[in-house]
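Spelled out from the first residue to the last, the chains are:
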Amino acid sequence: MKKTIGVASDHAGYEMKELLAGYLAASGYEIFDYGCSSPESCDYADYAHLLAKGIESGEIELGVGLCGSGEGMAMTLNKHQTIRAGLAWNTEIAELIKQHNNANVLVLPGRFITNDEALAILKAWLNAKFEGGRHERRIAKMTVQ
């Protein structure tokens with residue numbers, strides 16, 4: 001079965017999203033592009049919610065979100081109970097958000113990293129494995145009671 005991954009961005013992350021989607025497709029992933037579809041000004045929340053709903057519905061397994069700082073995309077994604085979106089600006093953070101938090105969405109700050117850095121961060125996140133153990137207990141506590 002082909003792995004599924006969704007991508008979403010606002011205008012500030014559009015070009016980087018396109019680059020990463022191309023890399024993911026070439027790596028064998030089935031890509032679901034939740035927008036945006038051009039570098040025209042738009043609102044990150046519109047696309048973050050679509051990406052989150054893709055995971056919640058089971059349409060995709062993982063997601064990648066981008067906006068200028070990454071903060072707005074991460075904040076919006078994390079409003080959804082089943083989403084664990086982590087903002088990463090280097091490979092070490094990318095590995096840790098998967099190893100310790102089992103992040104199902106990687107968020108990137110499109111205006112603060114280069115395309116080469118974005119690719120390295122994406123690869124680190126995809127290759128990292130959730131460590132389980134004590135981290136499972138901590139993740140369980142993230143859900144609002």
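Note that the structure is a prediction, hence the values are computed from the model and not measured.

### Digging into helix α5 (residues 115-127)
An α-helical turn contains 3.6 residues, so a residue and the one three or four places further along point in the same direction.
Stage number 1. With 13 residues, α5 extends 18 Å between its outermost C-alpha atoms, agreeing within 8% with the 18 Å of an ideal straight helix rising 1.5 Å per residue.
Stage number 2. Residues of α5 that are buried in the fold lie against β1 (4-9), α1 (14-26), β3 (62-67), α4 (91-99) and β5 (105-109).

### Quick notes on the environment of Trp-125
Stage number 1. With respect to the secondary-structure elements, Trp-125 resides in helix α5.
Stage number 2. Taking the C-alpha atoms as reference points, Trp-125 and Ile-97, separated by 28 residues in sequence, lie 7.8 Å from one another.
Stage number 3. The residues contacting Trp-125, other than those within four sequence positions of it, are Ile-5, Leu-62, Gly-63, Val-64, Ala-94, Ile-97, Lys-98, Ala-103, Asn-104, Val-105 and Leu-106.

### Regarding the side chain of His-135
Stage number 1. Along the chain, the position of His-135 falls in helix α6 (residues 134-140).
Stage number 2. Of note is the side chain of His-135, whose polar atom sits 3.4 Å from the side chain of Glu-131.
Stage number 3. Once you skip the residues sitting within four places of it in the chain, His-135 turns out to touch Gln-99, His-100 and Phe-130.

### Some remarks on the pattern of salt bridges
Stage number 1. Under the counting rule described, the total for this entry stands at two salt bridges.
Stage number 2. Taking the shortest distance from any N to any O, the salt bridge between Glu-18 and Lys-17 comes out at 2.9 Å.
Stage number 3. Among the residues examined, Glu-18 registers a relative accessible area of 35% and is labelled partly exposed.
Stage number 4. Between Lys-17 and Asp-33 there is a salt bridge; the shortest N-O distance is 2.8 Å. One end of the pair, Lys-17, is in helix α1; the other, Asp-33, is in strand β2 (residues 30-33), and 16 residues separate them in sequence.
Stage number 5. Taking the relative accessible area as the measure of exposure, Asp-33 reaches 43% and is therefore partly exposed.
Stage number 6. A cluster of three or more residues bridged by salt bridges with shared partners is formed by Lys-17, Glu-18 and Asp-33.

### Section: the nonpolar core
Looking at soluble globular proteins, one finds that nonpolar side chains tend to be buried together.
Stage number 1. In terms of nonpolar packing, the biggest core is built from 24 residues, with Leu-20, Val-64, Leu-108 and Trp-125 touching the most fellow members.
Stage number 2. If you list the elements that add at least two residues to this core, you get β1, α1, β3, α4, β5 and α5.
Stage number 3. Looking at which element gives the most residues to this core, the answer is α5, with seven residues.
Stage number 4. Beyond its immediate chain neighbours, meaning those up to four positions away, Leu-108 contacts Leu-20, Val-64, Gly-65, Leu-66, Cys-67, Gly-70, Leu-87, Ala-88, Ile-113, Ala-118 and Ile-121.
Stage number 5. If you look at the next biggest cluster of nonpolar residues, it comprises 20 residues, including Cys-67, Ala-74, Ile-83 and Ala-85.

Basis of the calculations
- Every chain begins its residue count from 1, and numbering advances along the sequence as written.
- Only residues with pLDDT of 70 or above have their local features reported here, since the model is predicted, and side-chain atom pairs are shown and tallied only from 80 upward, although totals for entire chains, interfaces and linings are computed over all residues.
- In computing side-chain properties, one takes all heavy atoms of the structure into account and sets aside hydrogens as well as water.
- In this description a helix means any DSSP run of H or I spanning at least four residues, a strand means any run of E spanning at least two, and both kinds are numbered starting from the N terminus.
- In a helix, the anticipated span is given by 1.5 Å times the number of residues less one.
- The contact criterion used throughout is that any non-hydrogen atoms of two residues lie within 4.5 Å.
- Here a polar contact is taken to be a pair of N or O atoms separated by no more than 3.5 Å, where protein atoms must pair a possible hydrogen donor with a possible acceptor and residues adjacent in sequence count only if both atoms sit in side chains.
- Whenever Lys or Arg places a side-chain nitrogen within 4 Å of a carboxyl oxygen from Asp or Glu, that contact is recorded as a salt bridge.
- Per-residue accessibility, obtained with a 1.4 Å probe over protein chains only, is compared with the maximum for each type, and a residue is labelled buried under 20%, exposed over 50%, and partly exposed between these values.
- Buried Ala, Val, Leu, Ile, Met, Phe, Trp, Tyr and Cys residues that are joined via side-chain atoms within 4.5 Å together make up what is termed a nonpolar core.

Note that all results are geometric; they support no functional claim without further evidence.
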